[in-house]
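Architecture at a glance
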Amino acid sequence: LREETEKMLKGLLEESDSKTGSLSAQFEREKELRMEAENSLKGQLQDSLLQRLSSEKALRAEAEAELKEKLIEAVAMQAELKSHFEEERKLRAEAEAALKGQLQDDLFAQFARERELRIESEEALMVKLQDAEAKQEELTAQFARERELRIAVANDLKG
């Protein structure tokens, strides 16, 4: 009876050890699968964040190029305005030195036309400058988003 009991206990112990080993192996497989899934998700998140960062950089570069173009246009307008001012000054000097009568009236009319052109040019320049300022504000906001994104990527990489 004792031998049978010992055999039975030994069989139960072996069966228990076998099940414990099986459960332990299953637990390890589940742990490995969980880690693989976590690493895959981290990689996907990191790829997504890096793509977003890359597109933000491309947008920023495009916005900077557009801003530079608007600034170049504004500088060109400013040079044109300076030219108009010089021409206006010349016309005024010619008008003052010109003969009285119709010639003087014609010069003053031309002066008035030039002045109207200058005013229109100034208004156009102001619009372009306002566009450039709006673009600059947009870039500033974009730089802030990009910085937050870089911080998020850095934090994810640390985590």
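Here, every reference points to the structure presented above.
As the structure is a computational prediction, the values presented were derived from the model and not from experiment. (Residues numbered from 1 in each chain as written. Predicted model: local features only at pLDDT ≥ 70, side-chain atom pairs only at ≥ 80, totals over all residues. Heavy atoms only, no water.)

Moving on to the overall build of the chain. Along its length, the chain carries two helices and zero strands. Here the C-alpha atoms of the chain give a radius of gyration of 40 Å, more than 25% beyond the 15 Å that 2.2 N^0.38 yields for 159 residues. By its C-alpha atoms, the chain is 145 × 20 × 15 Å across when sized along the principal axes. Surface accessibility of the chain: about 12,600 Å² in total, with carbon and sulfur atoms responsible for 55%. (Helix = DSSP H or I, 4+ residues; strand = E, 2+ residues; numbered from the N terminus. Rg over C-alpha atoms; globule rule 2.2 N^0.38 Å. Areas by Shrake-Rupley, 256 points an atom, 1.4 Å probe, with all protein chains shown as cover.)

What follows covers the side chain of Glu114. Note that Glu114 resides in helix H2 (residues 102-158). No salt bridge is formed by the buried Glu114. Its closest oppositely charged neighbour is Arg113, at 6.5 Å. Excluding residues within four positions of it along the chain, Glu114 makes contact with His84, Glu87 and Leu91. (Buried < 20%, exposed > 50% of the residue type's maximum accessible area, 1.4 Å probe, protein only. Lys, Arg positive; Asp, Glu negative; His and termini not counted. Salt bridge = Lys/Arg side-chain N within 4 Å of Asp/Glu carboxyl O. Contact = heavy atoms within 4.5 Å.)

To continue, consider the environment of Leu45. By the element assignment, Leu45 lies in helix H1 (residues 2-97). Separated by 111 residues in the primary sequence, Leu45 and Asp156 place their C-alpha atoms 8.7 Å from one another.

Between its first and last C-alpha atoms H1 spans 139 Å; for 96 residues at 1.5 Å apiece the expected length is 142 Å, and the two agree. Residues of H1 that are buried include every one of Leu49, Leu53, Glu56, Ala63, Leu67, Ala74, Met77, Leu81, His84, Glu88, Leu91 and Ala95, and no others. (Expected span 1.5 Å × (residues − 1).)

This brings us to the pattern of salt bridges. In total, this model carries 13 salt bridges according to the counting rule given. In this structure, the salt-bridge partner of Lys19 is Glu15, at a minimum N-O distance of 3.4 Å. Remark: Glu15 and Lys19 occur in helix H1; sequence separation between them is four residues, near one turn of the helix. Its salt-bridge partner being Arg92, residue Glu88 comes within 3.2 Å of it at the nearest N-O pair. Of this pair, Glu88 and Arg92 are both found in helix H1, four residues apart, which corresponds to roughly one turn of the helix. By sharing partners, the salt bridges in this structure join Arg60, Glu64, Glu146 and Arg150 into a single network.

This part covers the side chain of Arg118. Locating Arg118 in the fold gives a position in helix H2. Judged by its relative accessible area of 11%, Arg118 falls in the buried class. With sequence-adjacent residues up to four places away left out, Arg118 is seen in contact with Leu81, Phe85 and Glu88.

Taken together, the side chains of Met8, Leu9 and Leu12 define a hydrophobic patch exposed on the protein surface, amounting to about 310 Å² of accessible area. Within the secondary structure, Leu9 sits in helix H1. (Patch = residues over 30% accessible without salt bridge, like charges linked within 9 Å, V, L, I, M, F, W, Y side chains within 5 Å.)

Okay, the environment of Arg34 next. With respect to the helices, strands and loops of the structure, Arg34 is situated in helix H1. Here Arg34 falls in the partly exposed class, since its relative accessible area comes to 44%. Taking the C-alpha atoms as reference points, Arg34 and Asn155, 121 residues apart in sequence, are found 22 Å from one another.

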